[in-house]
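Letter by letter, the chains look like this.
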Amino acid sequence: MLRKFRAFTLSLIFASISTSVWAFDATVVAVSGKVEKKEGNSWIALNKGDKITQGTVISTGFESNLVFTAKGSTVTVGPLTRLTVEQLVSTPKKDSSQLYIDSGKVSAEVNSAGGKQTGFKVKSPVATASVRGTEFSVNSAGKLVVKKGLVSFTPAESDKPVIADDKDEEVAETNSNADETRADASVRVPKTTALTSAAEVGDDGGIPVAAGQQSQANGLTGVRSSPQKEKAAASSGTPNNTKAASALEAVSTVSAAAPARTQSTVESVSDRTTRGSLSITIKFEE
Amino acid sequence: MKKILTAAILTALSFSSLFAIEISGIISDSSGFKFDENSFSNTSLSQSETLVGDMKVPILKNGSIYFIGEITLTHAASGPFSKLSNSFTADIALAKINGSRKINSAANINFAAGRFSLSDITSTIYSQNADGIFGQFASKKFESSLYFGYTGLLNSKIASILKSNGDLFIPSRSGGFLDVYNLAAPYAVSVTTFSLPYLFANQTITAEIFGAYPLPGIIDSAKDKDIRLYGTLALNGPVMNNLFYSASATVETAGFDDIALLAKANLSLFPDLLSSSVAASVTYASGNNGALIPFTSFSKTSSTLCKQQLSYSGIFKAGLSGSAVPAEKLFCSIGTDIVFDCYMPGAFEYYGTQAAFAVNYQLFSDVSFGLNATSFFANDPQYSKTEVSVTAAIAL
């Protein structure tokens, strides 16, 4: 009888451990300039060694920076940034972190800790970046630059921060159970290439932005440009201060995922040669 | 009195966004020298002055829906120094209402109505203004757009349209010193596009149909007889993190009797050095090749820099190009193509080599200087041409 009771108790304990969800704290490792967190209606300074909990709102001033670690990931918060820590949750299989930036810029180097799967998401009013095992930066205006790994760049999930509650913890637990069959493969962060689908990092339907690529979300439409289009734009070097509105407002039928008008250098130079110009732009704004 | 005052206040509030009108203007001057047959003895001048006026009016306060318009007045003088010809052109280059709206977090629609420029997916078949309406739906996994336009009210001095036989449309009213606006060939055009972004291995596949239907115009003019249809299938995507490609194949039919082919491919590399790019491209437009007939685009687009300004018909072109930003605010580009003539049955003859070079320096945010040079070395020297221009742009 006692053996049966002991076995039953142990099985209950093991069951609770395997399905348990708990919040964890992030730790401040470096502070420069004016960095504060909100407590109630007041702001108090953040210092090295301080703990950052789920729900913390952080603000950095001019020429100020904050670096904190969340499990195996390192987050750098740039100057003039307002950041909300929406979620810092762990399960036996996965560590999940979720940040929301109202303004400013955040860079992150995301790594797994303790051999667990890592989910890391940065949300803004314009777009959402979901990553796993990567290094990237994103700002509130929707500019994403990836240095290492793969980021799934999806439309904005909300226009304001949403702090995780118990319901979200249940969702995290559900997700961790669903990922159980892939747990072993995902502990070793898979090598990603330009051909790796955004679904590999958990968010199907997002634009895959690989290392060395970037994307920009449109604030009005939420449309995210393709890495191919961003590369072509970055290398075009053409200033548009003196371009007529008819050229800037031209409509294209190509998908946002396709490159902009494909024109060889020979054709584009020919266009410049025949057009001009000494241009004076006079603007009247009322 | 109260009712009048309330109505006036409500009217003013509803139109409050209209008071954020943005008006701008551009005065531009272009001076270029052309050397026909690459000889200094055949030098001609290409001079033009253009006045451009823009106006943008937001309809919604957030700017998601707005009206924008533009008019242009141009004087051009061109030809040998001893015999310059002058012409004046006036045009309504832009007059459209443009808008975009999110449906939910994963989809949005864009629309435009009025006069605006539109390009097809190849930017070779159709790339010009028209009066029409455009609508686009975009979601995570599917994008679609639809466009209907009419060309009969355009200025033919700006919009050059080719007939189905490849001849340039010449309006029945033309010439004259003060002939500033001649109505263009009357066509109804439509563009229907379906796209599946990041379908497999992050590749995007796009299918597009362009149609041109000859219609009666306001002024009687010789019009085309054939309905033209162009069906295009395009693929684009990454090969590696910094290496991308795009490829398309277009089948043209006029009157459903014969077919012509246009094929384009481009491979672009973007090294992490000096914001540079290197691209290799190849283009084939069918001539009288076997079962194919000569390809004819709708908008007149020059395929080469030669004196004849050949359109995309019966040519094979392959080339390399590159660009870089070697120093802050300094942009350089260079490119070269080799051109083969395959218009006649069984022909594939070397036609010439072309090269282009451009340097642009942005002195301040509103001041830039540029040097552009293009040259075509034809197998037959009479078709060679070199053109050099120096540009300066000032925004106030």
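Along each chain, residues carry numbers from 1 onward, in the same order as the chain's sequence is written. Lettering of chains starts at A and numbering of ligands starts at 1, both following the order in which they are written. In keeping with the model being predicted, local features are shown solely for residues with a pLDDT of at least 70 and side-chain atom pairs are shown and tallied solely at 80 or more, while totals for entire chains, interfaces and linings include all residues. The side-chain numbers reported here are obtained from all heavy atoms of the structure, hydrogens and water having been left aside.

### With respect to the overall build of chain A
Consideration 1: Summing up its helical and strand segments, chain A has six helices and 20 strands in all.
Consideration 2: The buried label applies to any residue whose accessible area, calculated with a 1.4 Å probe on protein chains only, is under 20% of its type's maximum; exposed applies above 50%, and partly exposed to all values in between. Per-residue burial over chain A gives 47% buried out of 286 residues. Secondary structure elements follow DSSP: runs of H or I no shorter than four residues count as helices, runs of E no shorter than two count as strands, and numbering proceeds from the N terminus.

### Description of helix α4 (residues 227–234) of chain A
Consideration 1: Here α4 of chain A has its buried residues at Pro227, Gln228, Glu230 and Lys231 of chain A. All buried residues of α4 of chain A lie within an arc of 165° about the axis, which places them on one face of the element.
Consideration 2: Next to the buried residues of α4 of chain A lie β15 (143–148), β17 (207–210) and β18 (214–216) of chain A together with β8 (187–200), β10 (228–240) and β11 (243–254) of chain B. Taken from the helix axis, the directions to the C-beta atoms give the arc we talk about. In what follows, a contact means two residues having at least one pair of non-hydrogen atoms within 4.5 Å.

### Quick look at the pattern of salt bridges
Residues and elements named next belong to chain B.
Consideration 1: Salt bridges are identified by distance alone: a Lys or Arg side-chain nitrogen within 4 Å of an Asp or Glu carboxyl oxygen. Counted under the stated rule, the structure contains eight salt bridges over all chains.
Consideration 2: Among the salt bridges present, the one from Asp91 reaches Arg115, with a minimum N-O distance of 3.9 Å. In this pair, Asp91 is assigned in strand β4 (residues 85–104) and Arg115 in strand β5 (residues 107–119), connecting sequence segments 24 residues apart.
Consideration 3: Residue classification places Asp91 among the buried residues on the basis of a relative accessible area of 7%.

### Quick look at the nonpolar core
Consideration 1: Among buried residues, those of type Ala, Val, Leu, Ile, Met, Phe, Trp, Tyr and Cys that are joined through side-chain atoms within 4.5 Å constitute a nonpolar core. Grouped together as the largest cluster of nonpolar side chains are 36 residues, with contacts concentrated most on Phe68, Phe120, Phe136 and Leu144 of chain A.
Consideration 2: Core analysis: the next-biggest nonpolar cluster, separate from the first, contains 32 residues, Leu94, Ile125, Tyr230 and Ala260 of chain B among them.

### Observations concerning a nonpolar patch on the surface
Consideration 1: Where nonpolar side chains cluster on the molecular surface, the patch consists of Ile103, Ile109, Phe137, Phe142, Phe194, Leu196, Leu199, Phe200 and Leu235 of chain B and spans about 750 Å² of accessible area.
Consideration 2: Assignment of secondary structure puts Leu199 of chain B in strand β8. Each patch is built from residues that are more than 30% exposed by relative accessible area and take part in no salt bridge. Like charges join if they lie within 9 Å; nonpolar side chains (Val, Leu, Ile, Met, Phe, Trp, Tyr) join within 5 Å. Note on areas: Shrake-Rupley, 1.4 Å probe, and residue coverage restricted to the protein chains presented here.

### Section: the confidence of the model for chain A
Residues and elements named next belong to chain A.
Consideration 1: Residues with a pLDDT of 70 or more make up 70% of chain A, whose mean pLDDT is 74.
Consideration 2: For every residue, the predictor assigns a confidence score, pLDDT, that lies between 0 and 100. Looking at the elements of chain A, mean pLDDT is at its lowest for strand β20 (residues 278–285), recorded as 28, and at its highest for strand β6 (residues 57–60), recorded as 95.
Consideration 3: Segment residues 166–188: pLDDT under 50, and 19 contacts once partners within four positions in sequence are set aside and those in other chains are kept.

### Considering the confidence of the model for chain B
Consideration 1: Confidence in the prediction of chain B, expressed as mean pLDDT, is 84, and 89% of residues score 70 or more.
Consideration 2: The ipTM assigned to the predicted complex is 0.78, against a pTM of 0.80.

### Details of the side chain of Ser119 of chain B
Consideration 1: Topologically, Ser119 of chain B is positioned in strand β5.
Consideration 2: Residue classification places Ser119 of chain B among the buried positions, given a relative accessible area of 12%.
Consideration 3: Between N or O atoms, a polar contact is any pair within 3.5 Å; within protein, one atom must be a potential hydrogen donor and the other a potential acceptor, and residues adjacent in sequence are included only when both atoms are from side chains. Within the structure, the side chain of Ser119 of chain B is placed 3.1 Å from the side chain of Ser127 of chain B, a separation counted as a polar contact.
Consideration 4: Residue contacts for Ser119 of chain B: discarding those within four places in its chain leaves Val251, Ser252 and Thr253 of chain A together with Tyr126 and Ser127 of chain B.

### With respect to the pairing of β11 of chain B
All names here are of chain B.
Consideration 1: Among the 12 residues of β11, nine are classified as buried, and the element is accordingly described as predominantly covered.
Consideration 2: If DSSP finds at least two bridges between two strands, the strands pair. Pairing between β11 and strand β12 (residues 259–269): 11 bridges, direction antiparallel. In the sheet register, Ala247 faces β12, and the bridge partner there is Ala265.

### Re the sheet that holds strand β7 (residues 65–70) of chain A
Consideration 1: Read across the sheet, eight strands follow the order β5-β2-β7-β8-β11-β14-β15-β18 (chain A) without closing on themselves; strand pairing throughout is antiparallel. Of all strands in the sheet, those with a lone pairing partner are β5 (51–52) and β18 of chain A, marking the two edges.

### Focus on unusual backbone geometry
Consideration 1: Unlike most non-glycine residues, Lys71 of chain A shows phi in positive territory, near 55°.
Consideration 2: By the element assignment, Lys71 of chain A lies in the loop between β7 and β8 (73–77).
Consideration 3: Residue Ser123 of chain B is not a glycine yet carries a positive backbone phi of 60°.
Consideration 4: Structurally, the position occupied by Ser123 of chain B is in the loop between β5 and β6 (127–138).

### Some points on empty space enclosed by the protein
Consideration 1: Grid spacing is 1 Å over the protein atoms alone, the probe is 1.4 Å, and a cavity is where that probe fits but cannot get out, while a pocket is an open set with protein on both sides within 12 Å along at least five of seven lines and lining residues have an atom within 4 Å of a point. Grid points are joined across faces, edges and corners, and a volume is the space filled by probe spheres set on the points. The full count for this structure, using the stated rule, is seven cavities of 30 Å³ or more.
Consideration 2: Lining of the second largest cavity is provided by 21 residues; of these, Val223 and Arg224 of chain A together with Ser139, Lys140 and Glu143 of chain B occupy positions nearest its centre.
Consideration 3: Broken down by secondary-structure element, the contributors of at least two residues to the lining of the second largest cavity are β4, β5 and β8 of chain B.
Consideration 4: Throughout, the ten residues Ala, Val, Leu, Ile, Met, Phe, Trp, Tyr, Cys and Pro are labelled nonpolar, Asp, Glu, Lys and Arg are labelled charged, and all others, Gly among them, are labelled polar. Looking at the lining of the second largest cavity, its residues break down into 10 nonpolar, seven polar and four charged.

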